[in-house]
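Chains, contacts and geometry: an overview
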Amino acid sequence: MMDYEIILASNSPRRRELLAGLGIEFEVRVLQGIDESYPDGTPVEEIPLCIAEKKARAYQGLLTDRQLVITADTVVVLGQEVLGKPVDKADACRMLRLLSGKTHQVITGVCLTTTREQRRLSVVSDVTFKSLTEEEISYYIDHYRPYDKAGAYGIQEWIGYIGVTRLSGSYFNVVGFPVQRVYQELVQMCGTDMFIRGDKAHP
């Protein structure tokens, strides 16, 4: 099997940690200034994959035949409203009030791209929150400042401990990276040898 150099095109510490957990070697390489907009009318369930594909296109002309780049995007969806990363505390409070007492979807789109092929996947998880008090919302935002997270929360943090009452689907997808599905695709593209070469993996 082709022995690819794996590139993770993400600054997310959570994605780095989850990919490192597979025990493979990779490097983080992030291009600046990629346009992450999407066409008006794009169905909400297709938005993350649309953005992941857009990110992948920015790398395609830079790859060698021995490189594989992983691009991803995650959104939180409540009904037909897409909740991205909050811009400030007021926006974070607004998002958590919207999610309080309701079930929402976390959708992650991922592209695995080489010079020869591209594999695309989209994973959906359903998350239900209890009714959150204003004190709980303020405490979480003040102590964890979740401004780099879609929907203004991290399930692996305090708000997830006290607030999430039900999860259907991949937990790791909610964290931000559906690592089990990514593993399946990498095995099909690269073979299992890449996962048994020893302890050289690094974040």
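Residues numbered from 1 in each chain as written. Predicted model: local features only at pLDDT ≥ 70, side-chain atom pairs only at ≥ 80, totals over all residues. Heavy atoms only, no water.

**Some points on the nonpolar core**
The biggest cluster of nonpolar side chains holds 43 residues, and the ones touching the most others in it are Leu68, Ile70 and Tyr153. Beyond its immediate sequence surroundings of up to four residues, Leu68 is in contact with Tyr4, Glu5, Ile6, Ile7, Leu112, Thr113, Thr114, Leu186, Met189 and Cys190. Counting residues in hydrophobic clusters, the runner-up holds six residues, among them Ile47, Val75, Val77 and Ile107. (Core = buried A, V, L, I, M, F, W, Y, C linked by side-chain atoms within 4.5 Å. Buried < 20%, exposed > 50% of the residue type's maximum accessible area, 1.4 Å probe, protein only. Contact = heavy atoms within 4.5 Å.)

**Digging into the layout of surface pockets**
Here the largest pocket is characterised by a volume of approximately 740 Å³. Lining the largest pocket are 37 residues, and of these Arg15, Lys55, Asp73, Lys85 and Asp148 sit closest to its centre. Looking at side-chain class alone, the lining of the largest pocket contains 20 nonpolar, nine polar and eight charged residues. (1 Å grid on protein atoms, 1.4 Å probe; cavity = no way out; pocket = protein on both sides within 12 Å on 5 of 7 lines; lining within 4 Å. Points joined across faces, edges and corners; volume = space filled by probe spheres on them. Nonpolar A, V, L, I, M, F, W, Y, C, P; charged D, E, K, R; others polar.)

**So, the pairing of strand E6 (residues 118–129)**
The sheet contact formed by strand E5 (residues 103–113) and E6 spans eleven bridges and is antiparallel. Across the sheet, the residue bridging to Val106 is Ser125, located in E6. The pairing of E6 with strand E7 (residues 164–168) spans four bridges and is antiparallel. Looking at E7, one finds that Asp126 is bridged to Ser168. (Pairing = 2+ DSSP bridges. Helix = DSSP H or I, 4+ residues; strand = E, 2+ residues; numbered from the N terminus.)

**Let's talk about the pattern of salt bridges**
As enumerated under the stated definition, the model contains 16 salt bridges in all. Between Asp142 and Lys89 there is a salt bridge, with the nearest N and O atoms lying 2.8 Å from each other. Separated by 53 residues along the polypeptide, Asp142 in helix H4 (residues 134–144) and Lys89 in helix H3 (residues 89–99) bring together distant segments of the chain. By relative accessible area, Asp142 is classed as partly exposed at 42%. With a closest N to O distance of 3.3 Å, Lys149 and Glu157 form a salt bridge. Judged on exposure class, the residue Lys149 and its partner Glu157 are both buried. (Salt bridge = Lys/Arg side-chain N within 4 Å of Asp/Glu carboxyl O.)

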